[in-house]
Structure formats: C-alpha cells, structure tokens
Amino acid sequence: GESVGLHLPTLSVQEGDNSIINCAYSNSASDYFIWYKQESGKGPQFIIDIRSNMDKRQGQRVTVLLNKTVKHLSLQIAATQPGDSAVYFCAENGNDYKLSFGAGTTVTVRA
Amino acid sequence: DGGITQSPKYLFRKEGQNVTLSCEQNLNHDAMYWYRQDPGQGLRLIYYSQIVNDFQKGDIAEGYSVSREKKESFPLTVTSAQKNPTAFYLCASTTPATDTQYFGPGTRLTVL
C-alpha cells in the first residue's frame, strides 16, 4: 500500500550543527508535501511545504528538498538550536483532501 | 496553533461513558479533520468534513461520531464502542485554496 515514512525514528545533533531529517514516500501521485514540527504535548506546527514542480524550497533556517525520482523528501535545519528539539513529521497529500503522515523523527539537540 | 482551539486540554473518562471533544476555528476554513495520535506513531484520520452538514469516515472511524452544523465547529464524540480511546486527539482545518492543514493544540483523553 501507499505509505509515508521517515528513515530514522531518532536524531541527536550538537547545538549549532546542521540537521537533516529524511522521509520516503511511495505514492507517486502525490504532488504536495509538508513538514510539521510537534513539541511535547502540543499540536503539530507547519514548518514548510513544497509542491512537486519544485525540487528545493527555503525558509528561515530550513530547507526542504524533494527528489521525485527516488521518492525522497528531506528537511534541513541550519544551526540547530535547543528550541528545535521536537518530533518532525512529513506529510503528503493523498486523495480527497486527505494527508498521509509518517511516524515522525524525534530530534534531540545536545548543548 | 493559529485560530484553532480545542477543549478541554485534558479529559478523563470512565469506561462506558461517551465524551465529546470540542474543536472551533475562526479561520473561515471549509474543511476540518479529526486525528488520533498514539505514542510513537503518526496521525491517523478519524473523520473529516469538507463542508457544513457533510462529513466522511477516515481510516479509524469505528467508535467515533461527529457533526458539522456550523462552519466553525466540528465536535468529536468518543463513544463507549471505542475499545481503546486513550490517546491524544488533534483537530485540523484547511481551505480549498491549499492542502495545508493547520492544527489545534490537542486534547489528551484518558480512560480510567
């Protein structure tokens, strides 16, 4: 079946280093992808999105890369800060206004 | 959390009781969604509504019910038929102009 998943469930990164979070998807019909950040006990927060007609999009300290050939999505966080510690989800649009979510990667920033 | 509110933040229920979780949005969004989140897992879709007075089952609708009488409100009832209701419940909304869903702060339901 179609699924969205993240390569690693956890990521530990030194403060100040760059973080890369990966996501693989299998629905070749998906044309819209979103990254969310979820802090403990809170709802997911929109970080950045990308459409399938693009392969890169940049925001403030974040960059999303899309490789449609291998169905791979990544989120890069520059100069990781303690406040970046959270669970990060990728999501893809399916059909009928529904999103499919991966299980998430827990990012821990070491001081 | 944008303009989406959920209440209560924490909810405790005895077995056999129905409980209703509130979700309100002032974003003028047409579509609203309910998800369930269990530890270490992604979000699973319970119900969604694209327009007032219309809603569809998601992937795990059994034991849940919803209504959409107003554009701003999409309450979720967890019935006694839901065998494992303890979870974190998230409400989201979106406008047809974009697929981006914006989430509320969530309600943590615990069955005693």
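Let me begin by describing the structure that accompanies this report. (Residues numbered from 1 in each chain as written. Chains lettered and ligands numbered in written order. Predicted model: local features only at pLDDT ≥ 70, side-chain atom pairs only at ≥ 80, totals over all residues. Heavy atoms only, no water.)

**Regarding the overall build of chain A**
Phase 1: A tally of regular secondary structure across chain A gives 0 helices and 11 strands.
Phase 2: Secondary structure elements in chain A, listed N-terminal to C-terminal, are β-β-β-β-β-β-β-β-β-β-β.
Phase 3: A compact globule built from 111 residues should have a C-alpha radius of gyration of about 13 Å, and chain A, at 13 Å, falls within 12% of that.
Phase 4: Principal axes of the C-alpha set define a box for chain A whose edges measure 40 × 30 × 20 Å.
Phase 5: Counting all 111 residues of chain A, 41% fall into the buried class. (Helix = DSSP H or I, 4+ residues; strand = E, 2+ residues; numbered from the N terminus. Rg over C-alpha atoms; globule rule 2.2 N^0.38 Å. Buried < 20%, exposed > 50% of the residue type's maximum accessible area, 1.4 Å probe, protein only.)

**Some points on unusual backbone geometry**
Phase 1: Residues B:Ser7 and B:Pro8 are joined by a peptide bond in cis, for which omega reads -5 degrees.
Phase 2: Mapped onto the elements, B:Pro8 comes out in the loop between β1 (4-7) and β2 (10-13).
Phase 3: Of note, the phi angle at A:Ala79 is positive, near 50 degrees, even though the residue is not glycine.
Phase 4: Along the chain, the position of A:Ala79 falls in the loop between β8 (72-77) and β9 (86-93).
Phase 5: On the basis of relative accessibility, which here comes to 36%, the residue A:Ala79 falls in the partly exposed class.
Phase 6: One non-glycine residue with positive phi stands out, namely B:Asn53, at about 65 degrees.
Phase 7: Locating B:Asn53 in the fold gives a position in the loop between β5 (43-51) and β6 (54-57).
Phase 8: Its relative accessible area of 63% is what places B:Asn53 among the exposed residues.

**Brief notes about a nonpolar patch on the surface**
Phase 1: On the surface, B:Tyr10, B:Phe12 and B:Leu112 cluster together into a nonpolar patch covering about 390 Å² of accessible area.
Phase 2: Following the sequence through the fold, B:Phe12 ends up in strand β2. (Patch = residues over 30% accessible without salt bridge, like charges linked within 9 Å, V, L, I, M, F, W, Y side chains within 5 Å. Areas by Shrake-Rupley, 256 points an atom, 1.4 Å probe, with all protein chains shown as cover. Salt bridge = Lys/Arg side-chain N within 4 Å of Asp/Glu carboxyl O.)

**Digging into the interface of chain B and chain A**
Phase 1: Between chain B and chain A, the contact holds 21 residues from the first and 20 residues from the second.
Phase 2: Buried surface at the junction of chain B and chain A, both sides included, amounts to about 1600 Å², of which 54% is carbon and sulfur.
Phase 3: At the junction of chain B with chain A, the criterion picks out 0 salt bridges.
Phase 4: Between the two partners, chain B and chain A, sit 3 residue pairs in polar contact (both at pLDDT 80 or more).
Phase 5: Taken together, the elements giving at least two residues each to the side of chain B that touches chain A come down to β4 (31-37), β5, β9 (87-94) and β10 (102-103) of chain B.
Phase 6: In terms of residues, the side of chain B that touches chain A owes the most to one element, β5(B), which gives 4 residues. (Contact = heavy atoms within 4.5 Å. Buried area = accessible area lost by both parts, 1.4 Å probe. Polar contact = N/O pair within 3.5 Å; in protein donor to acceptor, adjacent residues only side chain to side chain.)

**Section: the packing of aromatic side chains**
Phase 1: For the structure shown, the criterion picks out 11 aromatic pairs over all chains.
Phase 2: Centre to centre, the rings of A:Tyr25 and A:Phe33 are 4.6 Å apart; their planes meet at 50 degrees, and the pair counts as tilted.
Phase 3: Exposure remark for A:Phe33: the relative accessible area of 2% places this residue in the buried category.
Phase 4: Members of the aromatic cluster, joined through ring pairs, are A:Tyr36, A:Phe101, B:Tyr33, B:Tyr35, B:Tyr48 and B:Phe103.
Phase 5: A cation sits over an aromatic face here: B:Arg68 above B:Phe74, 6.0 Å from the ring centre. (Phe/Tyr/Trp six-rings, centres within 6.5 Å; stacked < 30°, edge-to-face > 60°. Lys NZ or Arg CZ within 6 Å of the ring centre and 35° of its normal.)

**Regarding the pairing of β2(B)**
Residues and elements named next belong to chain B.
Phase 1: Burial along β2 is one-sided: the face carrying Leu11 and Arg13 is buried and the face carrying Tyr10 and Phe12 is not.
Phase 2: Both β2 and strand β11 (residues 107-111) contribute to a ladder of 4 bridges, which runs parallel. Paired with phenylalanine 12 across the two strands is threonine 110, which belongs to β11. (Pairing = 2+ DSSP bridges.)

**Focus: the sheet that holds β1(B)**
Residue and element names in this part refer to chain B.
Phase 1: Across the sheet, which stays open at both edges, the 4 strands sit in the order β1-β3-β8-β7 with antiparallel pairing between neighbours. The sheet is open, and its two edges are formed by β1 and β7 (64-66), each paired on a single side. Going across the sheet, the axis of each strand differs from the next one's by a mean of 20 degrees, ignoring polarity. (Axes fitted to C-alpha atoms, helices over the stretch in contact; angles between N-to-C directions.)

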